[in-house]
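Here is what each chain is made of, one letter per residue.
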Amino acid sequence: QVQLVQSGGGSVQAGGSLRLSCAVPGDIFRTSALAWFRQAPGKRREFAATMSWSGDKFYYTSSVKGRFSISRDNAKNTVYLIMNSLRPEETAVYYCAERRCGTEAAVLPAEYNYWGQGSQVTVSS
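The sections below set out a description of the structure shown in this document. No experiment lies behind these values; they were computed from the predicted model shown. (Residues numbered from 1 in each chain as written. Predicted model: local features only at pLDDT ≥ 70, side-chain atom pairs only at ≥ 80, totals over all residues. Heavy atoms only, no water.)

### Focus: the packing of aromatic side chains
Under the convention used in this document: Two rings from Phe, Tyr or Trp (for Trp, the six-membered ring) form a pair when their centres are within 6.5 Å of each other. A pair whose planes differ by under 30 degrees is stacked, one over 60 is edge-to-face, and the rest are tilted. A run of DSSP states H or I qualifies as a helix once it reaches four residues; a run of E qualifies as a strand once it reaches two. Both are numbered from the N-terminal end.
The tally for this structure, following the rule as stated, stands at six aromatic pairs. Arranged with centres 5.2 Å apart and planes meeting at 55°, the rings of Phe37 and Trp115 form a pair that is tilted. Taken as a pair, Phe37 in strand S4 (residues 32-39) and Trp115 in strand S10 (residues 114-115) lie far apart in primary sequence, 78 residues in all. Seen from their ring centres, Tyr95 and Trp115 are 6.5 Å apart, and the 80° between their planes marks the pair as edge-to-face. Residue Tyr95 is found in strand S9 (residues 92-100), and its partner Trp115 is found in strand S10; the two are separated by 20 residues along the sequence.

Next comes the structure, spelled out in structure tokens:
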């Protein structure tokens, strides 16, 4: 099975920044759309951000626009999520996910094939 390997996460004060990383197998990375989801305790896993395999199309959930940025490094087969101005309500486990590239952004977990193990992000007030 394909497994994505995450790193990063941690604890920050409100208004702080964090960067999450997710390593993707090289034979999949270049033709995959990649995304980040988050799941707070007792809540459904929700979409945060995604980008196309070509790196020229982006889609963010409205609450993170202007603060979060998704990017990918082809040389390292890694996708990143840079989170700025973090808010306490964004405390959650964050997951990276992969799907075969389609024509539109996918925002449902069931649309993705492979997942990372999750990274805890804690934002204190």
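There's plenty left to go through after this.
### Looking at a nonpolar patch on the surface
Spelled out, the test is: Surface patches are defined over residues having more than 30% relative accessible area and no salt bridge, joining like charges when they lie within 9 Å and nonpolar side chains (Val, Leu, Ile, Met, Phe, Trp, Tyr) when within 5 Å. Per-residue accessibility takes into account occlusion by the displayed protein chains alone, with areas from the Shrake-Rupley method and a 1.4 Å probe. The salt bridge definition used is simple: a Lys or Arg side-chain nitrogen within 4 Å of an Asp or Glu carboxyl oxygen. Each residue is placed in one exposure class: buried if its accessible area under a 1.4 Å probe, protein chains only, is under 20% of its type's maximum, exposed if it is over 50%, and partly exposed if it falls in between.
Together, Tyr59, Val107 and Leu108 make up an exposed nonpolar region whose accessible area comes to about 260 Å². As for its placement among the helices and strands, Val107 is situated in the loop between S9 and S10. By relative accessible area, which is 33% here, Val107 ends up partly exposed.

### Some words on the sheet that holds strand S1 (residues 5-8)
Put simply, the test is: Strand pairing is defined by DSSP finding a minimum of two bridges between the two strands. Axes, fitted as lines to C-alpha atoms, cover a helix only where it is in contact. Angles between the N-to-C directions of the axes lie from 0 to 180 degrees.
Read from one edge of the open sheet, four strands run S1-S3-S8-S7, paired in antiparallel fashion. The sheet is open, and its two edges are formed by S1 and strand S7 (68-73), each paired on a single side. On average, each strand axis in the sheet is inclined to that of its neighbour by 20°, with strand direction left out of account. Alignment of S7 against strand S8 (residues 78-83), held across six bridges, turns out to be antiparallel. Each residue of the ladder has a partner; that of Phe68, found in S8, is Met83.

### Quick look at the state of the cysteines
Rule in force here: Throughout, a disulfide means two cysteine sulfur atoms within 2.5 Å of one another.
One pass over the structure, following the stated rule, counts one disulfide. The residue that forms a disulfide with Cys22 is Cys96, at a sulfur-sulfur distance of 2.0 Å. With the S-S bond torsion at 60°, the cross-link from Cys22 to Cys96 turns out right-handed. In this pair, Cys22 is assigned in strand S3 (residues 18-23) and Cys96 in strand S9, connecting sequence segments 74 residues apart.

### Quick look at the environment of Pro41
Within the element layout of this structure, Pro41 appears in the loop between S4 and strand S5 (46-51). Each C-alpha atom of the pair Pro41 and Ala92 lies 7.1 Å from the other, and the pair is 51 residues apart in sequence.

### A look at the pattern of salt bridges
What the rule picks out here adds up to three salt bridges. Here Glu90 ties to Arg38 by a salt bridge, and the two come within 3.3 Å at their closest N and O atoms. Residue Glu90 is found in the loop between S8 and S9, and its partner Arg38 is found in strand S4; the two are separated by 52 residues along the sequence. Assigned by exposure class, Glu90 and Arg38 land together as buried. A salt bridge links Arg67 to Glu90, with the nearest nitrogen and oxygen atoms 2.5 Å apart. Within this pair, whereas Arg67 is found in the loop between strand S6 (58-60) and S7, its partner Glu90 is found in the loop between S8 and S9, the two being separated by 23 residues in sequence. Take Arg67 and Glu90: they sit in the same class, and that class is buried.

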